[in-house]
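Listed below, chain by chain, are the residues.
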Amino acid sequence: MRRLMIVLTLCAALICGCRKQSEEDIYRVNYEAYCRSLAEATKLSPMSKYYSVSGAMSELPDGTYRYYVFVDNPKIAMNDVVVLAVESGMEYSASGKMMPSSGIFGTPFSLIPYQVNKANGFVKGIMLNGECAEDHVNLRVLVEWKDRSRKNTTREFIELSLSYEADPYVPQESSEETEGGGD
């Protein structure tokens, strides 16, 4: 009888100790895996033939900077798109901050040429943004999507270098003064 009680106690402990992995845990594990694959990527491109990727920076009131990454203008059907941008040289475990992403936490969007229907998950483009202390940043961007049948997955690694330019569109004033007048 004593052996039976020990076996039942061990079985109960095993059953209680094995809990179902929470959704939050799954997201965190996926995020870490994407960060690792981006850090380990050796072949990075400056652009893609399947979509447009670009970026910009702005200055914040506290003297830090915000960077933006845009993935849009799809040339093919891109379903369940995942995008992650990581500042170059930043390791997930040492960064202390989350890097901007889309499609890892929650429902991913799809980019389909000439189709926008946000209610059904078809968006015009995906924008990520993050903050940094410097007026320039080198980013590694992972873009992953499934084809039309959702059976094949494609993954690309993009490298972007962004710099902040204060008032880049302000025209230079001419040193010559012009007088209004005529004959």
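What you are looking at is a predicted structure, and each value in this text was computed from that prediction instead of being measured.

1. Digging into the overall build of the protein
Looking only at helices and strands, one finds 3 helices and 8 strands in the protein. Ordering the α and β elements of the protein from the N terminus gives α-α-β-β-β-α-β-β-β-β-β. When each of the 183 residues of the protein is scored for burial, the buried share is 32%. In the protein, once contacts between residues fewer than 6 apart in sequence are set aside, the share between residues at least 24 apart is 67%.

2. Side note on the sheet that holds strand β1 (residues 52-59)
If you trace the 3 strands from one edge of the open sheet to the other, you get β1-β2-β6, paired in antiparallel fashion. The sheet terminates laterally at β1 and β6 (125-132), the two strands that pair on one side only. Sheet twist, expressed as the average angle between the axes of neighbouring strands with direction ignored, equals 20 degrees. Note: β1 against strand β2 (residues 65-72), 8 bridges, orientation antiparallel. Bridge pairing in β2 links Val53 to Val71.

3. Observations regarding the layout of surface pockets
A water-sized probe, rolled over the atoms, reveals where empty space remains. Each pocket or cavity is described by its volume, and for the second largest pocket that value is around 160 Å³. Along the walls of the second largest pocket sit Asn73, Pro74, Ile112, Pro113, Tyr114, Gln115, Val116, Val123 and Lys124, which together make up its complete lining. A per-class count over the lining of the second largest pocket returns 6 nonpolar, 2 polar and 1 charged.

4. Section: the pairing of β2
Hairpin remark: β1 followed by β2, antiparallel, with 5 residues in the connecting loop; positive phi at Gly63, about 90 degrees. Examined bridge by bridge, β2 and β6 share 8 bridges and lie antiparallel to one another. Residue pairing across strands places Tyr65 opposite Cys132, the latter belonging to β6.

5. What about the packing of aromatic side chains?
Where two aromatic rings form a pair, the distance of their centres and the angle of their planes describe that pair. According to the stated counting rule, one finds 6 aromatic pairs in the structure shown. On the numbers, 5.8 Å between centres and 70 degrees between planes, the contact of Tyr27 with Phe105 is edge-to-face. Linking Tyr27 in helix α2 (residues 23-40) with Phe105 in the loop between β4 (101-102) and β5 (109-111), this pair joins segments that are 78 residues apart in sequence. What makes Tyr27 partly exposed here is its relative accessible area of 23%.

6. Quick look at unusual backbone geometry
Even without glycine at this site, Asn73 takes up a positive phi of about 50 degrees. Topologically, Asn73 is positioned in the loop between β2 and β3 (78-87). Judged by its relative accessible area of 44%, Asn73 falls in the partly exposed class. The backbone of Arg150 sits at a positive phi, close to 60 degrees, despite the residue not being glycine. Within the secondary structure, Arg150 sits in the loop between β7 (136-146) and β8 (153-163).

Definitions and limits used
- Residues numbered from 1 in each chain as written.
- Predicted model: local features only at pLDDT ≥ 70, side-chain atom pairs only at ≥ 80, totals over all residues.
- Heavy atoms only, no water.
- Helix = DSSP H or I, 4+ residues; strand = E, 2+ residues; numbered from the N terminus.
- Buried < 20%, exposed > 50% of the residue type's maximum accessible area, 1.4 Å probe, protein only.
- Contact = heavy atoms within 4.5 Å.
- Pairing = 2+ DSSP bridges.
- Axes fitted to C-alpha atoms, helices over the stretch in contact; angles between N-to-C directions.
- 1 Å grid on protein atoms, 1.4 Å probe; cavity = no way out; pocket = protein on both sides within 12 Å on 5 of 7 lines; lining within 4 Å.
- Points joined across faces, edges and corners; volume = space filled by probe spheres on them.
- Nonpolar A, V, L, I, M, F, W, Y, C, P; charged D, E, K, R; others polar.
- Phe/Tyr/Trp six-rings, centres within 6.5 Å; stacked < 30°, edge-to-face > 60°.

Spatial relationships are all this shows, so hold off on functional conclusions.
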